[in-house]
Amino acid sequence: MRVLHLDVNHPLIIEQFNELGFINDEDYTSSKEQIEAKIHTYDGIIIRSRFSLDHKFLEKATNLKFIGRLGAGLENIDTDYAKDRGIFLAAAPEGNRNAVGEHTLGMLLSLFNNLNKADQEVRHGKWDREGNRGIELDGKTVGIIGYGNMGKAFAKKLRGFDVEVLCYDIKGGIDDENARQVGIMEIKQKCDVISLHVPQTPSTINMINKEFIDGFSKNIWILNTARGKCIVTQDLVDGLKSGEILGAGLDVLEYEKTSFENMFTEKELPEAFKYLIEAQNVILTPHVGGWTVESKIKLAQTVVDKIKAKFSV
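What you see is a predicted model, and the numbers here were worked out from it, not measured in a lab. (Residues numbered from 1 in each chain as written. Predicted model: local features only at pLDDT ≥ 70, side-chain atom pairs only at ≥ 80, totals over all residues. Heavy atoms only, no water.)

## Topic: the sheet that holds strand β2 (residues 23–26)
Here's step 1: Pairing is parallel in the open sheet, where 5 strands are placed in the order β2-β1-β3-β4-β5. Two strands close off the open sheet at either side, each with one partner strand: β2 and β5 (88–90). Adjacent strand axes in the sheet meet at a mean angle of 15° when their direction is disregarded.
Here's step 2: By the bridge criterion, 3 bridges tie strand β4 (residues 66–69) to β5 in an arrangement that is parallel. Paired with I67 across the strands is L89, a residue of β5. (Pairing = 2+ DSSP bridges. Helix = DSSP H or I, 4+ residues; strand = E, 2+ residues; numbered from the N terminus. Axes fitted to C-alpha atoms, helices over the stretch in contact; angles between N-to-C directions.)

Rendered as structure tokens:
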């Protein structure tokens, strides 16, 4: 097996592939066109998010047997065409689910207790105790939309709190001891907090819009550690302005490019993003929900284990 590594990852992936007798080539700088010109010589690709492996690219990868993606999803790969070609796809949601669960909980507690706002005020000589009076998570109802690896990990982190956890997913029978599966109407009637843990698909893009927000019985808090395009940012901002949304924790934004490495390249920031930057009830992080020292190791090991199980004798 000859494998091309397109992103820098934990060295264990190359070390263990070497032990399997794979030939490992690293190319972290060539353009997509340059990679396309030589991809026919490779049996495997290891990628994170450098560029998309679309139909045109995969057509040129005539010997390709597997794609390993060190991340939770496969949205930067034409999965339908890859499966038609019999290419084995190995993603690694198991590798960073714990990191995402912890990050989501951290955002929620920071919002409820004004931690970011209070920190900045104290650093600038303002000692405002009453203005930073927090609220408690106990007694609240948390709705998790998307109950796969990431949603389940967040629900597990909530076990130490006296909260009701509801989950909604297009698949049935996925609830467990940490969350009760319900329909979307019950989510909208009962929840104080909504946390998104869905993949980016045609049905999830723009799913959190004005109509969705207006359908809630309570004013809500929104957390998004999934994909930025799941939320219409302007509708989120309008909800924050009206008070329908009490606060938001956003690890992802709709302005991100496919690589997830840069948010956007436009010189002029979108007006909606300008509002988020200034809002004290919004926490922003640069798509690092699953980005820990430990997850870097676990992501690599997960992909290696899946490829080993498929191809080693």
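Picking up where we left off.
## Some details on the layout of surface pockets
Here's step 1: When its volume is computed, the second largest pocket comes out at roughly 300 Å³.
Here's step 2: In this structure, the second largest pocket is lined by 18 residues; those nearest its centre are N116, A279, Q280, N281 and V282.
Here's step 3: Of all the elements in the fold, those that place two or more residues in the lining of the second largest pocket are α5 (93–112), α6 (115–123), α11 (271–278) and β12 (282–284).
Here's step 4: For the lining of the second largest pocket, the residue count by class is 10 nonpolar, 6 polar and 2 charged. (1 Å grid on protein atoms, 1.4 Å probe; cavity = no way out; pocket = protein on both sides within 12 Å on 5 of 7 lines; lining within 4 Å. Points joined across faces, edges and corners; volume = space filled by probe spheres on them. Nonpolar A, V, L, I, M, F, W, Y, C, P; charged D, E, K, R; others polar.)

## Re the nonpolar core
Here's step 1: With 30 residues, the main nonpolar core has I194, L196, I222, L236, L250 and L276 as its most contacted residues.
Here's step 2: The set of elements that each furnish at least two residues to this core consists of β9 (193–196), α9 (210–214), β10 (220–224), α10 (233–242), β11 (245–250) and α11.
Here's step 3: For I222, the residues in contact, after removing those within four places along its chain, are I194, I208, I231, L236, I245, G247, A248 and G249.
Here's step 4: The next biggest cluster of nonpolar side chains, apart from the first, holds 21 residues, and it includes F112, L137, C167 and L223. (Core = buried A, V, L, I, M, F, W, Y, C linked by side-chain atoms within 4.5 Å. Buried < 20%, exposed > 50% of the residue type's maximum accessible area, 1.4 Å probe, protein only. Contact = heavy atoms within 4.5 Å.)

## Points about empty space enclosed by the protein
Here's step 1: Applying the stated criterion across every chain, the model contains 1 cavity of 30 Å³ or more.
Here's step 2: Considering only enclosed or pocket space, the largest cavity measures out at about 40 Å³ in volume.
Here's step 3: Taken together, N224, G228, I231, T233, L236, L250, V252, L253, E254 and L276 make up the full set of residues lining the largest cavity.
Here's step 4: Here the lining of the largest cavity is composed, by residue class, of 6 nonpolar, 3 polar and 1 charged.

## A few points about the sheet that holds strand β6 (residues 141–145)
Here's step 1: The sheet built from 7 strands is open, its strands ordered β8-β7-β6-β9-β10-β11-β12 with parallel pairing. Of all strands in the sheet, those with a lone pairing partner are β8 (180–181) and β12, marking the two edges.
Here's step 2: Note that β6 and β9 share 4 bridges and pair parallel. The residue bridging V142 from the neighbouring strand is V193, located in β9.
Here's step 3: On the sheet, α10 packs against β10, β11 and β12 and is oriented at approximately 140° with respect to β11.

## Focus on the pattern of salt bridges
Here's step 1: The full count for this structure, using the stated rule, is 18 salt bridges.
Here's step 2: Among the ionic pairs, D43 bridges to K65, the shortest N-O distance being 2.6 Å. One end of the pair, D43, is in the loop between α2 (32–38) and β3 (44–47); the other, K65, is in the loop between α3 (55–60) and β4, with 22 residues separating them in the sequence.
Here's step 3: Judged by relative accessible area, which is 15%, D43 ranks as buried.
Here's step 4: Here D176 makes a salt bridge to K152, at a shortest N to O gap of 3.6 Å. Taken as a pair, D176 in the loop between β7 (164–168) and β8 and K152 in helix α7 (residues 149–157) lie far apart in primary sequence, 24 residues in all.
Here's step 5: We classify D176 as partly exposed; its relative accessible area is 26%. (Salt bridge = Lys/Arg side-chain N within 4 Å of Asp/Glu carboxyl O.)

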